[in-house]
Every structure is written in structure tokens, then in C-alpha cells.
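Reading the structure
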Amino acid sequence: MKKILVTGATGQIGSELTLVLRDQYGAENVIAAAYNRRSSTELPESGPFYGIDVRDTDSIEQIVADHRCDTIFHLAALLSAVAEDRPQEAWDINMNGLINVLEASRKHRCSVFFPSSIGAFGPGTPANDTPQDTMQRPTTIYGITKVSGELLCDYYYRRFGVDTRGLRYPGLISSKVLPGGGSTDYAVEIFYAALTARHYDCFLSAETQLDMMYMPDAIDAAIRLMNADNNTLRHRNAFNVTAMSFTPAKLAAEIQKHIPDFTIAYAIDPVRQAIASSWPRHMDDSAARAEWGWQPRFDLAAMVRDMLEKIAVKIQNG
Ligand code: AKB
């Protein structure tokens, strides 16, 4: 049976991934670690939980050694908008956290999952059908840490044989957890606004087109990649993956099919707009499909239907 450590376990991906892994592998075999231990009661109550700072080398190594972990999902990181506000801290957390995890993995022979992002691309990258292997010159500190992370994971695989694997996630949409400081957060906020105020002021322009994915697909992709046959992987660390690609206007129109009196207006945040405008509109994810069978389940219509149902229940229950 696998022994898994999840860092950033109380974050946007971690909160859901940890519970799915506990279901699949047994609660005692999935160790959750997070900086903010008070932001979840579900995780500490359902299995082993540690409050740690990923920049602290010793505490990561201690957990890996004590629990004899063989796999690490390293999710702890600052997202794009908050990283732009605190660039030095973003470099410190995103890069030193990763190297600590890679070092612990080298010493204890763990496999590592590292989430990269559409943020690893920049304005010089082809924006449509962005190839798997292409120019990467991001202009944000978040993107710089993601490209560096991809390269560092490649290096640990080639130099030390650490089984590192990763995905370039698009904007992620979850009915359970609010995102914290990303440039694609509008695609979650809009549902709460639609169901409560029937109106949303969007911080990106109507025509800003970006790749997106519903969280069940994002979790399935991470687990599927980590379980893929090593011999079929040619890219390993930074697979383009997408499930849908839309603009705020298109998302609003889809919501209006369910809530006809919903309205949207645009109050553009120049920082998040500049970040989003530097990212691809639609990635080519054929390498992920060919090498390990990536196949999303949710398109725009299915995601909107499910989000509205689930968030309505959440709002009703307070
Ligand atoms: C962000 O907006 O920072 C993230 C991402 C696309 O990586 N959602």
C-alpha cells in the first residue's frame, strides 16, 4: 500500500485531493501537511495531519522518515496574484519548498507530483493550441517559479533518478474550496455572486479567454499521472492539460441559461488582467492524452450545472 504525503493540504487542490486519496488508500496512509492547520477541521479529523512550513527542511524529512512515505504530492505554493504582491516570499515558498521536497524524495526514494500551470508560459508563447514543447518566458514571479520548478523536477529525475511527474494546470474551479489569490478566481466567485446577488463584477475583461478545469478532473489527472506506467511517459514533469476554454462573457452566458436574470459587469483589476493576458488562450494537451490517457469528464455546460447545484446547497446550509 502506498504511503503518501500531501503538502499544501488545506489549499484549493489539497483539500479535495487529500480526501480522495484517503478514500482510495486508507486514511492512515495519507498524511496531510499544511501551514495553516486551523483552516480545516475535516483533514485533521480524518487522518494524520501536521502543521508545517515547507521551507523547513527538517520537518518535511522527519514526516517522510517517520511515516515511511513513498509518494509526495507537493501542492504548497503561492498563486499568481498574491505572488505578484509578495515576489520575494513567492520565490522563497515556491522554490525552497520544492527543493526541500525533492531532497527528502532523493534521500527516501519517493515519487513526487509537482503542479505547474498555464502561468509557466508568457506573452511570447503561441496563445492558441499552445504546444507541449514551446517557448517559456513568463513575465510573472509565479510563472518564473513554475518554469524553474519544471526544470528542477526534470533535473532530479535525470541526475538522481527521482520519479518526478507533473501537470500544467489551467484555472481550477471547485465547488468546495475558494481559491486563494489566483488570476482565474473569477470563475469560482461568479457562481456565489450569481446565486446570491444575481450580479457579478468581474475583474478580467469580457473577452479574456483562458483554459479551465473542474476540480474532479484536476484530481483525477494528478492521480492518473502518478499511477501511469513509467515506460509510456516521455514528458514526465509538465504535461499541458485542459478541459475547456472560455471567456468571462461565455461563462456568464452559460450561467444565464440557468439564472436568466443574472447580470455581469466588468471592473478590471489591472494586475490580474496583465497576468491573465500573458497566458495562453488554449493549450494543446495531446501529449497527455497520448502518453497516459488524459480525458476530462466535465465540459463548460456540465461544470456550470454541477457548480450551481452544489453551491446552492452550500449557501442553503450556511
Ligand atoms: C492562478 O490563477 O494563479 C492559478 C493558475 C492558473 O495557476 N489558478
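In what follows, the accompanying structure is described. (Residues numbered from 1 in each chain as written. Predicted model: local features only at pLDDT ≥ 70, side-chain atom pairs only at ≥ 80, totals over all residues. Heavy atoms only, no water.)

**What about the pairing of strand β7 (residues 164-169)?**
Heads up, the rule is: Buried means the residue's accessible area, taken with a 1.4 Å probe over protein chains only, is under 20% of the maximum for its type, while exposed means over 50%, and partly exposed covers the values in between. Per the convention used, a helix needs a DSSP run of H or I reaching at least four residues, while a strand needs a run of E reaching at least two, with both numbered from the N terminus. For two strands to count as paired, DSSP must find a minimum of two bridges between them.
Among the six residues of β7, six are classified as buried, and the element is accordingly described as predominantly covered. Residue alternation in β7 divides its side chains into two sets, T164, G166 and R168 and R165, L167 and Y169, and both sets are buried. Looking at chain direction, β7 and strand β11 (residues 239-240) are connected through two bridges and run parallel. The partner of L167 across the bridge, within β11, is F239.

**Quick notes on the site of the ligand**
For clarity, the cut-off: The rule for a residue being near a molecule or strand is that one of its heavy atoms must lie within 4 Å of it. Whenever a nitrogen or oxygen atom comes within 3.5 Å of another N or O atom, the pair is scored as a polar contact, on the condition that within protein one atom can donate a hydrogen and the other can accept it, and that pairs from neighbouring residues in sequence are kept only if both atoms are in side chains. Note on areas: Shrake-Rupley, 1.4 Å probe, and residue coverage restricted to the protein chains presented here. Classification convention: Asp, Glu, Lys, Arg as charged; Ala, Val, Leu, Ile, Met, Phe, Trp, Tyr, Cys, Pro as nonpolar; all other residues, Gly among them, as polar. Delimitation of the domains relies on an automatic or database domain assignment.
Residues in close proximity to the ligand include L79, S80, S117, I118, Y142, G182, S183, T184 and W279, which together make up its full environment. Between the ligand and the protein, one listed contact pairs an oxygen atom with a side-chain N or O atom of S80 at 2.6 Å. Considering the ligand on its own, with 250 Å² of exposed area, one finds that the protein chains cover 95% of that surface. Looking at the shell around the ligand, its residues break down into four nonpolar, five polar and no charged. Taken domain by domain, the makeup of the shell around the ligand includes at least three residues from each of domain 1 (4-170 + 214-240) and domain 2 (172-211 + 243-283 + 297-316).

**Side note on the pattern of salt bridges**
What counts, and what does not: Throughout this description, the term salt bridge denotes a Lys or Arg side-chain nitrogen within 4 Å of a carboxyl oxygen of Asp or Glu.
Tallied over the entire structure, the rule returns 14 salt bridges. Here R106 ties to E103 by a salt bridge, and the two come within 2.8 Å at their closest N and O atoms. Linking R106 with E103, this pair stays in helix α5 (residues 87-108), spanning three residues, or about one helical turn. Ionic pairing is found between D261 and R198, a salt bridge with its closest N-O pair at 3.2 Å. With D261 in the loop between α9 (248-256) and β13 (263-266) and R198 in the loop between α7 (186-196) and β9 (199-202), the pair connects residues that are 63 residues apart, well separated along the chain.

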